Amino acid sequence: MRNASWLPWSAGLASLLLAACAHMHPPVLPWDSAQQMVLVTTPGWNADHGVLRRFQRNARGWALVGTPQPVMIGRSGSAWGLGLNPTQTDGPIKREGDGRSPAGVFGIGEAFGYAPATNTALQYQATQASDYCVDVSGSPLYNHIVDSRNVGEAAVAGATEPMRRDLHADGDQRYRLGFVIEHNTQGQPMGGSCIFAHLWKSSADATTGCTAMDPRTMEAALAWLNPAMSPIFVLLPKQEYLRLQTHWQLPADAVND
């Protein structure tokens, strides 16, 4: 008869083997295929500014592209958004109209701007006076950019995000060039909408929830971004970055400002 004392020893060995396998094979992440990353780190949840870095993945890991650049984010700071990463609960949660930029990992959508074309491999939309991003929670078009000529004026009633701000807001140039940050693509009511990377009004002006930057920073990012490389946008306060860097396989030493 086999001695029953082998059971605890066997269970312990199995646990060690499972732990070793988990270490050898990191968990699969929704952004494992990403080869480009636009990373924004901020001093804390309530900070309205941060630093943007671009990274490209090679055989040795994430490599910095270009130099770090300043950005402005939401006037109230940042809060966990609805993106590619698992739900987080250890900080503020993004809500419509809260003035916070979504934190987390997000896909990068189409580029947009006032000009007929721009230097980017991303899909580009030359916006018109009739284009709006619908920020009305409860609308079936919530968090979608639509052309009012196609959906009807009633469908964009109450929307406060015309994409041609130069025509609707006294020549405003902030949406002259930008790209979509794919937050809340499922359109969860009150989850937050119309989150973009766009040009800043000035280096001291925060946004209502987007990430704003100097035109030269934007132009460099758009010329570099390639949809074939599954680019992602990451925004995290420094303390969250340090907590999640290894588990989320983010670039090392990216917050040593």
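Each remark here, short or long, concerns the structure printed above.
Structural notes, computed from the coordinates. Owing to the predicted nature of the structure, the values given are computational and were not obtained by experimental measurement.

Considerations on the nonpolar core
Part 1 of the reasoning: Counting residues in each nonpolar core, the largest one holds 43 residues, and the members touching the most others are Met37, Phe179, Met218, Phe233, Leu236 and Trp248.
Part 2 of the reasoning: Aside from chain neighbours lying at most four places away, what touches phenylalanine 179 is Ile108, Glu110, Ala111, Phe112, Leu122, Phe196, Ala197, Met218, Leu222, Leu225 and Phe233.

Some words on the state of the cysteines
Part 1 of the reasoning: Under the counting rule described, the total for this entry stands at 1 disulfide.
Part 2 of the reasoning: Put simply, cysteine 133 and cysteine 194 are joined by a disulfide, and their sulfur atoms are 2.2 Å apart. One quick way to see it: the torsion about the S-S bond of cysteine 133 and cysteine 194 is about -95 degrees, and its sign makes the bridge left-handed. Here the residue cysteine 133 occupies a position in strand β7 (residues 131-133), and cysteine 194 occupies one in the loop between β10 (177-182) and β11 (196-199), the gap between them amounting to 61 residues. Taken as a pair, cysteine 133 and cysteine 194 share a single burial class, namely buried.
Part 3 of the reasoning: Distance from the sulfur of cysteine 210, which forms no disulfide, to the nearest cysteine sulfur (cysteine 194) is 7.9 Å.
Part 4 of the reasoning: Its relative accessible area of 3% is what places cysteine 210 among the buried residues.

Quick word on the layout of surface pockets
Empty pockets left among the atoms are what a rolling probe the size of a water molecule brings to light.
Part 1 of the reasoning: Its volume calculated, the largest pocket comes out at about 350 Å³.
Part 2 of the reasoning: In terms of lining, the largest pocket is formed by 20 residues, of which the most central are Glu161, Tyr175, Thr208, Gly209 and Cys210.
Part 3 of the reasoning: Approximately 250 Å³ is the volume attributed to the second largest pocket.
Part 4 of the reasoning: Every residue lining the second largest pocket is counted, 17 residues in all, and those nearest its centre are Asn143, His144, Val180, Glu182 and Thr185.
Part 5 of the reasoning: When residues of the lining of the second largest pocket are traced back to their parent elements, those giving at least two are β5 (100-113) and β10.
Part 6 of the reasoning: Among the elements that take part in the lining of the second largest pocket, β10 stands out by supplying 3 residues, more than any other.
Part 7 of the reasoning: For the lining of the second largest pocket, the per-class residue count stands at 8 nonpolar, 7 polar and 2 charged.

A few points about the pairing of strand β2 (residues 49-58)
Part 1 of the reasoning: Bridge analysis of strand β1 (residues 36-42) against β2 gives 6 bridges, and the strand direction is antiparallel. Paired with glutamine 36 across the bridge in β2 is glutamine 56.
Part 2 of the reasoning: In this structure, the hairpin formed by β1 and β2 is closed by a connection of 6 residues.

Quick word on the side chain of aspartate 166
Part 1 of the reasoning: With respect to the helices and strands, aspartate 166 occurs in helix α3 (residues 165-168).
Part 2 of the reasoning: By relative accessible area, aspartate 166 is classed as buried at 17%.
Part 3 of the reasoning: Discounting residues that sit within four places of it in the chain, aspartate 166 has contacts with Tyr114, Gly171, Asp172 and Gln173.

Describing the environment of leucine 84
Part 1 of the reasoning: Turning to its location among the elements, leucine 84 is positioned in the loop between β4 (77-80) and β5.
Part 2 of the reasoning: Leucine 84 sits 55 residues away from leucine 29 along the chain, and the two C-alpha atoms are 8.6 Å apart.
Part 3 of the reasoning: Residue contacts for leucine 84: discarding those within four places in its chain leaves Pro30, Trp31, Val105, Phe106, Gly107 and Ile232.

Considerations on the pattern of salt bridges
Part 1 of the reasoning: As enumerated under the stated definition, the model contains 8 salt bridges in all.
Part 2 of the reasoning: Notably, a salt bridge pairs arginine 149 with aspartate 147, separated by 2.7 Å at the nearest N-O pair.
Part 3 of the reasoning: The exposure class of arginine 149 is exposed, given its relative accessible area of 62%.
Part 4 of the reasoning: Of the charged contacts, one joins aspartate 166 and arginine 164 as a salt bridge, the two residues approaching to 2.7 Å between their closest N and O atoms. The same class applies to aspartate 166 as to arginine 164, namely buried.
Part 5 of the reasoning: Three or more residues joined by partner-sharing salt bridges are found here, namely Asp90, Glu240 and Arg243.

About the criteria used
Numbering of residues begins from 1 in every chain and follows the order in which that chain's sequence is written. pLDDT decides what is reported in this predicted model: residues at 70 or higher carry local features, side-chain atom pairs at 80 or more are listed and counted, and totals for whole chains, interfaces and linings draw on all residues regardless. Side-chain descriptors were evaluated using all non-hydrogen atoms of the structure, hydrogens and water having been removed beforehand. Only buried residues count toward a nonpolar core, which is a set of Ala, Val, Leu, Ile, Met, Phe, Trp, Tyr and Cys residues joined through side-chain atoms within 4.5 Å. Type-normalised accessible area, obtained with a 1.4 Å probe on protein chains alone, sets the label of each residue: buried when under 20%, exposed when over 50%, and partly exposed for intermediate values. The criterion used for residue contact is that any of the two residues' heavy atoms lie within 4.5 Å. In what follows, a disulfide is any cysteine sulfur pair within 2.5 Å. A helix here means a DSSP run of H or I that spans at least four residues, while a strand means a run of E at least two residues long, and both kinds are numbered starting from the N terminus. Throughout, the protein atoms alone are placed on a 1 Å grid, and a set of points is a cavity if a 1.4 Å probe fits but cannot get out or a pocket if it is open with protein on both sides within 12 Å along at least five of seven lines; lining residues have an atom within 4 Å of a point. Grid points are joined across faces, edges and corners, and a volume is the space filled by probe spheres set on the points. Under this grouping Gly is polar, as are all residues other than the nonpolar Ala, Val, Leu, Ile, Met, Phe, Trp, Tyr, Cys and Pro and the charged Asp, Glu, Lys and Arg. Strands qualify as paired when DSSP identifies two bridges or more between them. For salt bridges, the criterion is a side-chain nitrogen of Lys or Arg within 4 Å of an Asp or Glu carboxyl oxygen.

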